[in-house]
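# Breakdown of the fold
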Amino acid sequence: MAKINSERISEGSISGSKREDIGEKALGEFEPWESWETQLCLWSIGIGMTALIVLGTLVNQFLLS
């Protein structure tokens with residue numbers, strides 16, 4: 001195990017690349033957001049907040065009174 005770690009360290013020091021550069025190379029290019037994905041997120045948040053308000057009101061009226 002120590003031999004493998006020393007090889008990784010030596011490869012990193014030889015190439016001179018930083019850890020951030022290696023991560024960016026592994027991830028590749030970022031995909032742009034599609035407009036329908038943005039709309040889906042916004043609608044989901046809106047529906048969730050509306051449901052929270054409606055259900056909170058119903059619980060307050062019928063269960064807590």
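This is a predicted model, so every value here is computed, not measured. (Residues numbered from 1 in each chain as written. Predicted model: local features only at pLDDT ≥ 70, side-chain atom pairs only at ≥ 80, totals over all residues. Heavy atoms only, no water.)

Before going further, it helps to spend a moment on the overall build of the chain. Assigned secondary structure in the chain consists of 3 helices and 0 strands. Among the 65 residues that make up the chain, the fraction classed as buried is 0%. For the chain, the accessible area works out to roughly 6,500 Å², and carbon and sulfur atoms hold 66% of it. (Helix = DSSP H or I, 4+ residues; strand = E, 2+ residues; numbered from the N terminus. Buried < 20%, exposed > 50% of the residue type's maximum accessible area, 1.4 Å probe, protein only. Areas by Shrake-Rupley, 256 points an atom, 1.4 Å probe, with all protein chains shown as cover.)

Turning to a nonpolar patch on the surface, a few remarks are in order. A cluster of nonpolar side chains, Val54, Leu55, Leu58, Val59, Phe62, Leu63 and Leu64, forms an exposed patch at the surface whose accessible area comes to about 730 Å². Summarising the element assignment, Val54 is placed in helix α3 (residues 35-62). Judged by its relative accessible area of 44%, Val54 falls in the partly exposed class. (Patch = residues over 30% accessible without salt bridge, like charges linked within 9 Å, V, L, I, M, F, W, Y side chains within 5 Å. Salt bridge = Lys/Arg side-chain N within 4 Å of Asp/Glu carboxyl O.)

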